[in-house]
Each structure stands twice: as structure tokens, then as C-alpha cells.
Amino acid sequence: MGTSPRFKRILIKISGEALAGEGELGIDTNKTFSLAGQIKEVHDLGLEVAVVVGGGNMIRGETLAKSGMDRATADYMGMLGTIMNGLALQDACEKQGMFTRVLSAIEMKSVAEPYIRRRAVRHLEKNRVIIFAGGTGNPYFTTDTTASLRAVEVGCEVILKATKVDGVYTADPKKDPNAQRYLQVSFMESIKHRLKVMDSTALSLCMDNNMPIIVFDIFKAGNLRKLIDGEPIGTLISNTEEVILDGR
Ligand code: UDP
């Protein structure tokens, strides 16, 4: 191996739907296993890896609230969904030889450790992959905001937001043939133009704390490793004002 990796401590945000089959709910064990394989590739480089898992494949609070349920109750159910996902990802990671801990924002002592910041940092120092589950523990938030919060709290250098698309676009590429992909864009632009990156709470937290985000396609095998190796994968969102579009 030539150069050392460009980061030492990273946070990967994995949405719930990445753990499910195409257009399905629940958990697809093969998909979860292959996600864990990508995590292993970068963990093996010596990186300290924290993961935040979403819960959209189980329950989205907002959706249940629209059909009549109390919003806070629905959100708590959503958070419980993220804990199930966390356990599924833990299982897949451990089957591939990584040591892991699931840290939950909602106390559930028999299945996961409670989230304690200093403990989380210690796990990272001991090379355990930590999986943050239970969101922030508060309704009306998202797991994207959880990712921003935890990344800042435990001192990660970057958030890698794993998605199904290869970055952030000026418009929806499925609807607009002129949509262009950003190679680089600022937090301010993302908020102003309501680009579909993360919700504004998550983006503001990153902006105020200078926490860069890279949005990338995790479904292309080896992409996460390539990104860590410094290849220009995905879209970088940071406080740098200069906008760079993909000129292809
Ligand atoms: N949620 C919440 N507070 C949090 C994180 C999540 O209430 O801090 C709930 C919310 O109802 C959300 C659900 O958990 O819809 C699943 O999380 P999210 O939608 O962020 O998952 P993803 O889109 O990443 O799969």
C-alpha cells in the first residue's frame, strides 16, 4: 500500500432503504451483508468507522402521522425501527469478522448499549465499528440529523452519506434532462435551493460545525473504498463557496 487513507475517523450514514430489497420494506439479508462488506473494506485500511442507520424501510413517522397517528408516537416507532436495522447490520458486520457495538439513543439494555459519548469514542479507539441506532432519541428529527450530531460529537472528519444515486444534482435527473451533477457545492447553496441532500436541520448543523458531507452511490461495488482512496466519487458539500459541476 502506497499512501495512507485520506481520513482517520469517518461516519457513514446508511438509509433504511439500503437494507431492503428494491422497492420493498423490511430487511434483505444479502443486501445488508454486501453493505457490511463495503464497510469492512475501509475498516481493514485502519479507519475508525461509525455508522448511523436509518429506518425508512420500517416506519417513517411522517407517513404514519399523515394517515392519522399522533406524530410523536409514530416517530418513536420509527426510531425503534432503526434499532432493528442496527442489529441486522451488526450481525452482517460480525459475520465478516468485525467487532461492533450498537449504541442506542433509546435505552434498550438487553439488545444494545445506551449511547454514551465517551464510550463511543473509546470503542472507536479500540477499532470497533460503532452503529448508532435509535436516531437522536427525539421525535421530529431524522437520522440525517442524527448523523450530523453524532459526527460532530465523536469527532469524525466527514459524513459519507450512502445513497442510491451518484451524488447531488441541480434538479431531478429523472424529470429534467438538463440536470447536472455537482462535484462540489456549499451548505448554503444546498439549503437555499433545497437540494435533495439532507433536511435543513442536518445541513445547518454540519454548516455551523464545519463538517463536510460526501454523497455517493454505495450500490456500486468498491465505491466506498475508492472514495477513501481519494478518487473523485460523489458530491462534496462543505463551507467552500465555489460550485463545481460535473462537466461530462
Ligand atoms: N426518527 C425520529 N427521530 C430521530 C431519528 C428518526 O423521530 O432522531 C424517526 C422518524 O419518524 C423517521 C424514522 O425514525 O421517519 C426513520 O428515520 P429516517 O426517516 O431518518 O430514516 P432513513 O430515511 O434514513 O431510512
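As recorded by an unreviewed UniProt entry, the chain carries the name Uridylate kinase and is attributed to Leptospira levettii. For the chain, the Subunit (unreviewed entry) comment in UniProt is given as "Homohexamer." One UniProt comment on the chain, placed under Subcellular location (unreviewed entry), says "Cytoplasm".

Taken together, 21 residues form the shell around the ligand, and within it Gly16, Asp75, Thr136, Asn138 and Thr143 come nearest. In the model, an oxygen atom of the ligand is placed 2.7 Å from a nitrogen or oxygen of the Gly16 main chain. Interatomic distance of 2.8 Å between a backbone N/O atom of Gly56 and an oxygen atom of the ligand. About the coverage of the ligand: the protein hides 93% of its 520 Å² of free accessible area. Counting residues per element, the ones that place at least two in the shell around the ligand are helix H3 (71–95) and helix H5 (143–153). A total of three residues in the shell around the ligand trace back to one element, the largest contributor, which is H3.

On to the UniProt feature "binding site: ATP" (unreviewed entry) in the chain, then. In the numbering used here, UniProt assigns the feature "binding site: ATP" (unreviewed entry) to Lys13, Ile14, Ser15, Gly16, Gly56, Arg60, Thr163, Tyr169 and Asp172. In sequence the annotated residues extend across 160 residues, and in space they extend as well, their farthest C-alpha pair lying 24.4 Å apart. With residues up to four places along the chain from it excluded, the contact list for Lys13 reads Val52, Gly54, Thr143, Asp144, Ala147, Ile159, Leu160, Lys161 and Ala162. Within the local environment of Lys13, its side chain forms a polar contact with the side chain of Thr143, the two groups lying 3.2 Å apart. With relative accessibility at 48%, the residue Arg60 sits in the partly exposed group.

Attention now goes to the pairing of strand E7 (residues 182–186). Burial runs high along E7: four of the five residues are buried. Relative to strand E10 (residues 244–245), E7 is paired through two bridges, and the arrangement is antiparallel. Looking at the pairing, Tyr182 lines up with Leu245 of E10. Looking at chain direction, E7 and strand E9 (residues 235–238) are connected through three bridges and run parallel. Bridge assignment links Gln184 to a residue of E9, and that residue is Leu236.

Glancing now at the nonpolar core. In this structure, Ile10, Ile14, Ile39, Val49, Val51 and Leu160 are the most contacted members of the largest nonpolar core, which totals 37 residues. Residues within four places of Ile14 in sequence aside, it is in contact with Leu19, Leu35, Ile39, Val51, Val52, Val53, Gly54, Leu89 and Ala162. Counting 30 residues, the second-largest nonpolar core is a separate cluster that includes Ala120, Cys156, Met198 and Ala202.

Their axes nearest at 8 Å, the elements helix H1 (residues 29–43) and H3 cross at an angle of 60°. One way to sum up the angle between H1 and H3 is to call them oblique. Relative to H3, H1 is oriented so that their crossing is right-handed. From H1, Thr32, Phe33, Ala36 and Ile39 reach across to H3, where they touch Ala88, Leu89, Ala92, Cys93 and Lys95. Of the residues that constitute the contact of H1 with H3, the class distribution is seven nonpolar, one polar and one charged.

Attention now goes to the pattern of salt bridges. Throughout the structure, instances matching the rule amount to 18 salt bridges. For Lys164, the salt bridge identified is with Glu17, shortest N-O distance 3.8 Å. In this pair, Lys164 is assigned in the loop between strand E6 (158–163) and E7 and Glu17 in the loop between strand E1 (9–14) and H1, connecting sequence segments 147 residues apart. For Glu17, a relative accessible area of 38% corresponds to the partly exposed category. The closest approach of N and O atoms between Asp91 and Lys95, which form a salt bridge, is 2.7 Å. You can see Asp91 and its partner Lys95 sitting in helix H3, four residues apart, about one turn around the helix. According to the relative accessible area criterion, Asp91 is partly exposed, its value standing at 41%.

About the criteria used
Residues numbered from 1 in each chain as written. Predicted model: local features only at pLDDT ≥ 70, side-chain atom pairs only at ≥ 80, totals over all residues. Heavy atoms only, no water. UniProt positions renumbered as here; feature names shortened; annotations may be inferred. Near = heavy atom within 4 Å. Polar contact = N/O pair within 3.5 Å; in protein donor to acceptor, adjacent residues only side chain to side chain. Areas by Shrake-Rupley, 256 points an atom, 1.4 Å probe, with all protein chains shown as cover. Helix = DSSP H or I, 4+ residues; strand = E, 2+ residues; numbered from the N terminus. Contact = heavy atoms within 4.5 Å. Buried < 20%, exposed > 50% of the residue type's maximum accessible area, 1.4 Å probe, protein only. Pairing = 2+ DSSP bridges. Core = buried A, V, L, I, M, F, W, Y, C linked by side-chain atoms within 4.5 Å. Axes fitted to C-alpha atoms, helices over the stretch in contact; angles between N-to-C directions. Parallel < 35°, antiparallel > 145°, perpendicular 65-115°, else oblique. Left-handed = near helix turned anticlockwise from the far one by under 90°. Nonpolar A, V, L, I, M, F, W, Y, C, P; charged D, E, K, R; others polar. Salt bridge = Lys/Arg side-chain N within 4 Å of Asp/Glu carboxyl O.

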